[in-house]
Amino acid sequence: MTTPPKIRLTNVTKSFGPKRVLNGVTLDVAKGESVVIIGGSGTGKSVMLKSILGILRPDGGQIEIDGENCVGLSGRARDAHDKKFGMLFQGGALFDSLPVWQNVSFKLLKSMRMPKKDAKDIALQKLAAVGLSADVAELYPAELSGGMQKRVALARAIAANPEIIFFDEPTTGLDPIMADVINDLIVKCVRELGATAMTITHDMASARKIADRIAMIYQGQIIWQGPRYEIDLTDNPYVDQFIHGRADGPIKMQVLKA
Amino acid sequence: MPQVFVILGSMVKLTNPLALIGRTFLHFLAMAGQFAIFMGKAVGHVFRPPFYFGQIGQQCLTIGYYSLPVIAMTALFAGMVLALQSYTGFSRFNAESAIANVVALSITRELGPVLAGLMVAGRIGASIAAELGTMRVTEQIDALTTLSTNPMKYLVVPRLLAGTLTMPLLVLVADVIGIMGGYVVSTVSFGFNAANYLHQTWDFLEPIDIISGLVKAAVFGFIVTLMGCYCGYHSKGGAAGVGNATTSAVVLSSIVILIANYILTGMFFSK
């Protein structure tokens with residue numbers, strides 16, 4: 001018997017009112033693999049991640065982590081599920097009322113109830129791993145630049161050594177050099193932890209750097225997936241249009257909101 | 001042909017006043033249901049670990065302690081104006097001696113808790129809604145979940161507890177200061193005998209006057225913090241959404257306070 005994939009989505013659907021955002025997403029992610037999901041804005045990328053995390057509840061289909069269903073968990077099972085994940089949010093989503101080091105070690109302090117001193121040591125270690133010095137630790141998130149906030153958020157995502165890490169548009173809003181620094185950090189951190197990673201982005205440079213495998217989502221479905229190098233070889237017209245950023249092609253941008 | 005009916009139907013829907021009333025009513029019911037579920041969840045989490053004592057302490061400080069100046073000023077002037085009004089009114093039929101009683105009763109039973117509740121609704125309800133609303137739209141609430149922390153327990157429960165526990169204390173302070181306001185005006189402006197005034201206040205007040213006020217205060221504290229949390233927690237759509245959440249939190253909690261005040265007064269004093 002083969003081991004089940006780390007993350008398995010089968011026919012996942014989710015609607016908001018009349019708008020169907022996920023329209024039967026099916027995707028497997030193997031353990032230790034880094035999968036990048038590309039797709040335009042509003043194609044359901046974030047909704048997909050939030051469904052796996054259990055922040056949103058899908059209307060239909062199955063989501064399995066390590067072969068176990070994880071839709072609609074509560075209580076202890078939900079806690080165990082949450083413990084496996086780390087997530088880097090698009091805007092960082094740092095807690096502005098807490099200094100940087102408490103942000104980084106939040107999970108250790110509040111959920112695992114680790115003593116403050118140990119948690120701070122780990123926080124400093126993780127901050128160093130993302131290239132931030134110890135004097136940043138006492139600052140508040142509002143005092144940091146966008147790139148630094150992203151790095152702190154990355155440190156927070158990896159602080160509790162999660163098995164699975166999600167990255168929601170990790171390079172959006174950064175200059176190309178800082179974006180590349182973040183990409184390198186993501187690759188390094190994921191490799192060091194041996195974690196399974198899922199990244200959603202529309203930044204192709206980032207996707208090419210981070211991914212083992214790339215999947216494209218369009219209108220709530222995975223329309224193409226394959227190893228990183230195949231993305232430039234495929235004749236899929238949707239993928240071709242997207243990676244070359246052309247306005248003309250099979251993907252019609254919805255200029256007006258449906 | 002069927003398309004014509006669809007169009008006609010939607011025109012009727014738009015212009016028909018009954019449809020409008022129905023829609024508003026259904027919307028109201030949906031919101032009331034969502035609110036009831038939120039309240040049930042929040043109260044349920046109050047009694048289940050983990051407890052975030054640090055958060056509870058911090059919220060008691062912001063909600064209780066930092067509200068003291070506002071509450072004190074409100075109570076002081078409420079007491080003073082009560083004495084002033086009663087004096088000008090009562091002197092028409094030589095009933096000035098009742099001023100002490102009127103001030104003490106009105107402050108402890110009604111004005112203390114209600115004015116404190118309304119001031120706290122403006123001060124705390126708004127800030128809770130704005131804070132949680134911003135945390136919602138910047139995904140900080142989602143981030144809490146991914147950090148294995150239940151946002152209900154970490155954000156909502158401490159505020160609810162702090163509001164419900166500190167409001168009675170605030171109102172107790174307001175009672176004292178309000179009565180003092182009336183005392184100062186009566187003795188300084190109207191030349192009442194200080195000892196007599198205090199005696200009259202003390203003899204006339206019954207425990208139920210104060211207790212009913214404190215129970216009201218706890219209920220109002222619960223209402224304000226719950227409304228603030230509910231509106232903030234469910235806000236969406238960026239800055240405008242947070243603004244709406246803040247407005248609804250203050251307006252809704254003020255209205256509910258006034259309604260609850262009537263009901264509670266009925267429960268305590270109608271025979």
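Just so you know, these numbers come straight off a predicted model, no measurement behind them.

## A word on the interface of chain B and chain A
Across the boundary between the two partners, chain B contributes 16 residues, which contact 23 residues of chain A. When chain B packs against chain A, close to 1,600 Å² is buried across both sides, 57% of that on carbon and sulfur atoms. In this structure, the connection of chain B to chain A is made through 2 salt bridges. For B:Asp142, the salt bridge identified is with A:Lys50, shortest N-O distance 3.3 Å. Here chain B and chain A share 5 residue pairs in polar contact (both at pLDDT 80 or more) between them. Here the residues of the side of chain B that touches chain A sort into 8 nonpolar, 6 polar and 2 charged.

## Some thoughts on the packing of helix H6 (residues 146-158) of chain A against helix H7 (residues 176-193) of chain A
Residues and elements named next belong to chain A. Close contact between H6 and H7 brings their axes to 11 Å; oriented N to C, the two are set at 10°. Here H6 is positioned roughly parallel relative to H7, judged by the angle of their axes. Contacts between H6 and H7 involve Gly 147, Lys 150, Arg 151, Leu 154 and Ile 158 from the former and Met 178, Ile 182, Leu 185, Ile 186, Cys 189 and Leu 193 from the latter. Here the contact of H6 with H7 is composed, by residue class, of 8 nonpolar, 1 polar and 2 charged.

## Quick word on the sheet that holds strand S5 (residues 68-69) of chain A
All names here are of chain A. On the basis of which strands lie adjacent, the open sheet formed by 4 strands has the order S2-S1-S4-S5 and antiparallel pairing. The open sheet terminates on both sides in strands that have one partner only, identified here as strand S2 (19-29) and S5. The sheet contacts of helix H1 (residues 45-53) involve strand S1 (7-16), S2 and strand S4 (60-65), and relative to S2 the element is tilted by about 65°.

## Side note on the packing of aromatic side chains
Tallied over the full model, the rule gives 15 aromatic pairs over all chains. A ring pair is formed by B:Phe192 and B:Tyr197, whose centres lie 6.3 Å apart and whose planes are at 75°; its orientation type is edge-to-face. What links up through ring pairs into an aromatic cluster is the set A:Phe95, A:Phe106, B:Tyr52 and B:Tyr154. If you follow A:Arg156 out to its NZ or CZ, it ends over the ring of A:Phe95, 4.9 Å from the centre.

## A few points about the confidence of the model for chain B
Per-residue pLDDT for chain B averages 90, and the proportion of residues at 70 or more is 94%. Least confident of the elements in chain B is helix H1 (residues 2-15) of chain B, whose mean pLDDT is 62; most confident is helix H9 (residues 207-233) of chain B, at 95.

## With respect to the pattern of salt bridges
Residues and elements named next belong to chain B. On inspection of all chains with the given rule, the structure shows 19 salt bridges over all chains. For Asp 142, the salt bridge is made with Arg 136, and the minimal N-O distance between the two is 3.4 Å. Residue Arg 136 is classed as partly exposed on the basis of its relative accessible area, which comes to 22%.

## What to know about the nonpolar core
Core analysis: the largest hydrophobic core is formed by 79 residues, its most contacted members being A:Ile7, A:Leu9, A:Ile37, A:Met48, A:Ile52, A:Phe166 and A:Met198. If one sorts the elements of this core by residue count, helix H7 (residues 151-189) of chain B sits on top with 11 residues. Of the residues that make up this core, three or more belong to each of domain 1 (1-84 + 162-258) and domain 2 (92-161) of chain A. Look past the residues within four positions of A:Met48 in its chain and what remains in contact with it is A:Leu9, A:Leu22, A:Val25, A:Leu27, A:Ile37, A:Met198 and A:Ile217.

## So, the environment of A:Gly44
Relative to the helices and strands, A:Gly44 resides in the loop between strand S3 (34-38) and H1. With 184 residues separating them in the primary sequence, A:Gly44 and A:Arg228 have C-alpha atoms 21 Å apart.

## With respect to the pairing of strand S6 (residues 85-88) of chain A
Residue and element names in this part refer to chain A. What you see with S6 is no split at all: Phe 85 and Met 87 on one side and Gly 86 and Leu 88 on the other are buried throughout. Here S6 runs beside strand S7 (residues 164-168); their pairing, made up of 4 bridges, is parallel. Bridging across to S7, Met 87 finds its partner in Phe 166.

## Comments concerning unusual backbone geometry
Cis geometry marks the peptide bond from B:Pro49 to B:Pro50, where omega comes out at 0°. Mapped onto the elements, B:Pro50 comes out in the loop between helix H2 (17-46) and helix H3 (53-64). A positive phi angle is found at A:Asp66, which is not glycine, with a value near 50°. Tracing the chain through its elements places A:Asp66 in the loop between S4 and S5. Residue classification places A:Asp66 among the partly exposed positions, given a relative accessible area of 28%. Positive phi is not limited to glycine here, since A:Gln219 has a value of about 50°.

## Structural notes on the domain arrangement of chain A
Residues and elements named next belong to chain A. Splitting chain A by domain gives domain 1 (1-84 + 162-258) and domain 2 (92-161). Spacing between the C-alpha centres of domain 1 and domain 2 amounts to 25 Å. The interface is formed by 17 residues belonging to domain 1 together with 13 residues belonging to domain 2. For the pair domain 1 and domain 2, the summed buried area comes to about 1,200 Å², and 69% of that belongs to carbon and sulfur atoms. The largest share of the area that domain 1 buries against domain 2 comes from Lys 83, Pro 162 and Leu 185, three residues that together contribute 35% of it. The interface formed by domain 1 and domain 2 includes 0 salt bridges. Here domain 1 and domain 2 share 3 residue pairs in polar contact (both at pLDDT 80 or more) between them. Residue contributions to the side of domain 1 that touches domain 2 peak at 7 residues, all from H7.

Rules and cut-offs
- Residues numbered from 1 in each chain as written.
- Chains lettered and ligands numbered in written order.
- Predicted model: local features only at pLDDT ≥ 70, side-chain atom pairs only at ≥ 80, totals over all residues.
- Heavy atoms only, no water.
- Contact = heavy atoms within 4.5 Å.
- Buried area = accessible area lost by both parts, 1.4 Å probe.
- Salt bridge = Lys/Arg side-chain N within 4 Å of Asp/Glu carboxyl O.
- Polar contact = N/O pair within 3.5 Å; in protein donor to acceptor, adjacent residues only side chain to side chain.
- Nonpolar A, V, L, I, M, F, W, Y, C, P; charged D, E, K, R; others polar.
- Axes fitted to C-alpha atoms, helices over the stretch in contact; angles between N-to-C directions.
- Helix = DSSP H or I, 4+ residues; strand = E, 2+ residues; numbered from the N terminus.
- Parallel < 35°, antiparallel > 145°, perpendicular 65-115°, else oblique.
- Pairing = 2+ DSSP bridges.
- Phe/Tyr/Trp six-rings, centres within 6.5 Å; stacked < 30°, edge-to-face > 60°.
- Lys NZ or Arg CZ within 6 Å of the ring centre and 35° of its normal.
- pLDDT = per-residue confidence, 0-100.
- Buried < 20%, exposed > 50% of the residue type's maximum accessible area, 1.4 Å probe, protein only.
- Core = buried A, V, L, I, M, F, W, Y, C linked by side-chain atoms within 4.5 Å.
- Domains from an automatic or database assignment.

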